[in-house]
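Geometric and topological summary
This is what each chain is made of:
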Amino acid sequence: QASFESRMRRGRSIALPFFVLLWLVPPLAFVGRVSQLLQSTGPAASAPRRRVARFSEMPAPPAMATVSFSHVHMYVDSLRELEDYKKLEAKLNTFVDSSHAVLETTSSRVGADVVGGRAAWLELASAHGDPCTGVVDPAAWTGQMQDVVEQMLVALGWRITGSGQTAETRSLVVTSKAESGVKFVITAHGKQTMQELGDALPAKRQKTAGDAPDHFDVRHLERFAQHQASRQGIAVLGFSVAKGGLDNIYQKYKKLHPKLLASDEPRQYPGAKILEVYAYYKGEKGTSEADHGTLLRFIESDAGADFWVLPGLKRTAATFDTMATPAYCDHWVSNVVSRTGFLDTLEDTLGFTPKVDFNAGVVAAGEAQIESTVTGNDPNKRLEDEVAVLMDQSQVYLPINNALSEVGHVHLYLKEIGQGVQHIASRVRDLPALVQRANDYRKMTGAGVSFLSIPRSYYGSLTAKKLSQDSKIDFAEAQKYVEALKKVGILDNSDIMDLDATREKVAAALPAGVGAGTLDWVMRGRYSNMYMLLGDHLSEASYLKIVSNNILVDVQGDDLLMQIFTSTVLQRAAGQEAPFLEFIQRVCSEKQDPATGKPKAMKPGCGGFGIRNFLTLFLSIEVSKAAKARGDAEAAGNAKVAEYYGSMVEAFTAQLDESNPVLTAISDAMTLEGEALERGDEAEATKHEAAKNKGQEDLQTVSTKYKNLMKSLRENAPQGA
């Protein structure tokens, strides 16, 4: 049996599905049968048996086209000349080639030697100049007014592999080193920003003359800007369609949802046929008008077509650095007004069916409450190994959120921008390495991305009670150890350990004679929650890399899941709502067929949809906003307002800590229910279903408690808050 850690290093199995949290399942045997249940935790969900059927080997619904992930299309304020970006790529490649010693993890260092790397980066200016990034102090880096192309090149090691230009617009294709993986098409007007296009009076502009493809016409940038608060954004979700399927999709929309057709019929190009439809209705399905913001694009291409990704784009030579990692599409998330309306539309036209629901009890951050459903296709596909699972693009997942309250991220996104794509999730082979790279490169170059901060309590803490239980020592003795660590600052008043505390420093702070086993448990206090989950399957260095890089960890059945969210991208000013990116990794269990002894085939999306990280995501968004507001108040010398926002941070963190054990119980029950259903044991399945529903009720109680607490805080907010 290979450990998780060795399998991660070898790139075996990957990518995490959608949202995840921690402490989901007690330590497990990591080889064996995996529950395939992706089940709703809400009382209004469909019957569990129906959910399981959706993930069994069933043929796709008849007369439905086969679709897979193709590309994401962003509209941005501006793009530099291709030559400038290529100069940056060359500098980045030289940086890796000449600085391996400072960039790679060593036995004594996790990640790069940032100080040495910064010096090496600055030295390259004499030969390469400072293309795109300019000379930037890493300490002054902010997420606002960033060039998203530059961010992808620097932080992720992606490269520009295609380009195209019309009389008025310029477009680039940014991809990872995997040709079949993620593809971001990024388009800008040659002279005007999205703000300027959106502020202009709507005009009945004629299609640009010439042979330029319609999808790059400036009319679309104007339309999107005028329906998305003049913001940059993710404007189009693109899907590949199997031969002969596009006309099928067109007929479905024409018959059932004609208001959503963006053109009278599909457009024909040399080597391809394209259909574009509006993604959402403004309100309820059918009765309201189409929302003219986000599009869904379906492309049916001929083999050997002479374009890259879309007609009008040609391949551009690109060299990837040796440390770059492939990335593949996993799921694309929308914030909408009518979740059920979008779900129904996708089922009517594409045959997509719901896979899992997250109701208000699961997704509640104080007063902010949402509902979310993950829908997707059923490609009826089983894959032979983890590499195939990583690379598969046939399984499409589209999570859909709607707000249930007039506070919180989703509500503000809809109010400020309108319906649209909240974030894009890509899966990779080694998530800790990718995140370490992005964080190191930002500190060395002053460019790239940052990630959402996760409360340290998510990863673990050290209390006298827990230390006494784990190390089997007297409580009074454990209390002495905890007090000694607090006295020297290794442990803070919230029971969080200093992540950089060495074993020697901790041993010196403890009374003489503390045993090695007890010292082991003290050191695990930095990541005790994860250790409960994974035990010795990861080394201390791997645990610390996960904690220091704010990676979320989960287990579903026998599969390990990891994920992380960037801070907002395409954001002009601090505090504005904007999209973000997610990166995930799955480590699928190595299941064997008992009859043959051979490995079983794997299903795309192994690992399920962990429920707790969904909550962590939304709590972290709210914590980040409150923490920024607290910092602003402190800078302004307003102590009362700072105290108010500090109380919000504490409340959101407390909600996460109180919710985790309940979420663990729900997840355990879901897994056991799925296993019982696979065995055909209805009585056992009913028992675990009842436990799951009881957990949901308990979670709703926690949600209500913190909803009322946040309401009280808000109603008594000081002036200026």
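All values reported here derive from a predicted model rather than from experimental measurement.

How each quantity is defined
- Residues numbered from 1 in each chain as written.
- Predicted model: local features only at pLDDT ≥ 70, side-chain atom pairs only at ≥ 80, totals over all residues.
- Heavy atoms only, no water.
- Buried < 20%, exposed > 50% of the residue type's maximum accessible area, 1.4 Å probe, protein only.
- Helix = DSSP H or I, 4+ residues; strand = E, 2+ residues; numbered from the N terminus.
- Arc of directions from axis to C-beta.
- Contact = heavy atoms within 4.5 Å.
- 1 Å grid on protein atoms, 1.4 Å probe; cavity = no way out; pocket = protein on both sides within 12 Å on 5 of 7 lines; lining within 4 Å.
- Points joined across faces, edges and corners; volume = space filled by probe spheres on them.
- Nonpolar A, V, L, I, M, F, W, Y, C, P; charged D, E, K, R; others polar.
- Pairing = 2+ DSSP bridges.
- Core = buried A, V, L, I, M, F, W, Y, C linked by side-chain atoms within 4.5 Å.
- pLDDT = per-residue confidence, 0-100.
- Phe/Tyr/Trp six-rings, centres within 6.5 Å; stacked < 30°, edge-to-face > 60°.
- Lys NZ or Arg CZ within 6 Å of the ring centre and 35° of its normal.
- Polar contact = N/O pair within 3.5 Å; in protein donor to acceptor, adjacent residues only side chain to side chain.
- Axes fitted to C-alpha atoms, helices over the stretch in contact; angles between N-to-C directions.
- Parallel < 35°, antiparallel > 145°, perpendicular 65-115°, else oblique.
- Salt bridge = Lys/Arg side-chain N within 4 Å of Asp/Glu carboxyl O.

Residues of helix 10 (residues 246-256) that are buried include every one of Leu246, Ile249, Tyr250 and Tyr253, and no others. Across the axial projection of helix 10, the buried residues extend over an arc of 100°, all falling on one side. Looking at the packing, one finds that the buried side of helix 10 touches strand 1 (67-75), strand 5 (233-241), strand 7 (272-278), strand 8 (295-301) and helix 11 (339-350).

To locate leftover empty space, one rolls a probe as large as a water molecule over the atoms. Taken as a whole and assessed by the stated rule, the structure comprises eleven cavities of 30 Å³ or more. In this structure, the second largest cavity encloses a volume near 100 Å³. Taken together, 18 residues make up the lining of the second largest cavity; nearest its centre are Arg231, Gln232, Gly233, Ile417 and Pro579. Elements represented by at least two residues in the lining of the second largest cavity include exactly strand 5 and strand 15 (420-428). Partitioned by chemical class, the residues of the lining of the second largest cavity number eight nonpolar, seven polar and three charged.

Side-chain direction in a regular strand flips from residue to residue, so the side chains alternate between the two faces of the sheet. With respect to burial, strand 10 (residues 327-335) is a largely interior element, nine of its nine residues being buried. Judged from the eight bridges that link them, strand 10 and strand 15 form a sheet pairing that is antiparallel. When the sheet's bridge partners are listed, Trp332 is paired in strand 15 with Ile424. Inspection of the sheet shows strand 10 paired to strand 14 (residues 397-403) by three bridges, in the parallel sense. By the bridge assignment, Asn335 is partnered in strand 14 with Asn401.

Let us now look at the pairing of strand 5. Of all the nine residues making up strand 5, eight are buried; the element is thus mostly covered by neighbouring parts of the structure. Where strand 1 and strand 5 come together, eight bridges link them in antiparallel fashion. Across the sheet, Val67 pairs through a bridge with Val241, a residue of strand 5.

Time to look at the nonpolar core. In terms of nonpolar packing, the biggest core is built from 133 residues, with Val149, Phe184, Ile186 and Phe298 touching the most fellow members. Top contributing element to this core by residue count: helix 22 (residues 639-679), with nine residues. In this structure Val149 touches Leu79, Tyr85, Ile160, Leu172, Val174 and Ile186, once residues within four positions along its chain are discounted.

Within the open sheet, the nine strands sit side by side as 6-7-8-5-1-4-3-2-9. Their pairing is mixed. The open sheet has two free edges, formed respectively by strand 6 (267-269) and strand 9 (314-315), since each of these has just one partner strand. Examined bridge by bridge, strand 1 and strand 4 (residues 183-189) share four bridges and lie parallel to one another. Across the sheet, residue His73 finds its bridge partner in strand 4, namely Val185.

What follows covers the confidence of the model for the chain. Residues of the chain with pLDDT of at least 70 account for 84%, and the chain-wide mean is 84. Note that pLDDT drops below 50 for residues 7-62; the model gives that stretch 245 contacts with residues more than four away or on any other chain.

So, about unusual backbone geometry. Here Ser230, not a glycine, exhibits a phi torsion of approximately 60°, which is positive. Looking at the element boundaries, Ser230 is found in the loop between helix 9 (218-227) and strand 5. For Ser230, a relative accessible area of 6% gives the class buried. Backbone geometry at Asp495 places phi at a positive 70°, although glycine is not the residue there. With respect to the helices and strands, Asp495 occurs in the loop between helix 16 (475-487) and helix 17 (503-509).

Taken as a whole and assessed by the stated rule, the structure comprises 16 aromatic pairs. A centroid spacing of 4.8 Å and a plane angle of 80° characterise the contact between Tyr458 and Tyr459, whose relative ring orientation is edge-to-face. Its relative accessible area of 0% is what places Tyr458 among the buried residues. For Tyr459, a relative accessible area of 0% translates into the label buried. Relative to Tyr531, the ring of Trp521 has its centre 5.7 Å away and its plane inclined at 85°; by these criteria the two rings are edge-to-face. Of this pair, Trp521 sits in helix 18 (residues 516-523) while Tyr531 sits in helix 19 (residues 528-534), and the two are ten residues apart along the sequence. Positioned above the aromatic ring of Tyr441 is the side chain of Arg437, whose terminal nitrogen or guanidinium carbon lies 4.4 Å from the ring centre.

What follows is about the side chain of Ser176. For Ser176, the location among the structural elements is in the loop between strand 3 (169-175) and strand 4. There is a polar contact of 3.0 Å between the side chain of Ser176 and the backbone nitrogen of Ala327.

Here we come to the packing of helix 7 (residues 148-156) against helix 14 (residues 431-445). At a minimum axis separation of 8 Å, helix 7 and helix 14 run at an interaxial angle of 110°. Comparing the axis directions of helix 7 and helix 14 gives the class roughly perpendicular. Where helix 7 abuts helix 14, its residues Leu153, Val154, Ala155 and Leu156 lie against Leu434, Arg437, Ala438, Tyr441 and Thr445.

Attention now goes to the pattern of salt bridges. All chains considered together, the criterion is met by 34 salt bridges. Residue Arg231 is joined to Glu416 by a salt bridge in which the shortest nitrogen-to-oxygen separation is 2.9 Å. Of the two residues, Arg231 is situated in the loop between helix 9 and strand 5 and Glu416 in helix 13 (residues 409-416); the sequence distance between them amounts to 185 residues. Judged by relative accessible area, which is 29%, Glu416 ranks as partly exposed. The closest approach of N and O atoms between Glu540 and Arg526, which form a salt bridge, is 2.5 Å. With Glu540 in helix 20 (residues 540-548) and Arg526 in the loop between helix 18 and helix 19, this residue pair connects regions lying 14 residues apart in the sequence. Owing to a relative accessible area of 40%, Glu540 belongs among the partly exposed residues under this scheme. Ionic contacts of the salt-bridge type, sharing partners, join the residues Asp214, Asp217, Arg219 and Arg267 into one network.

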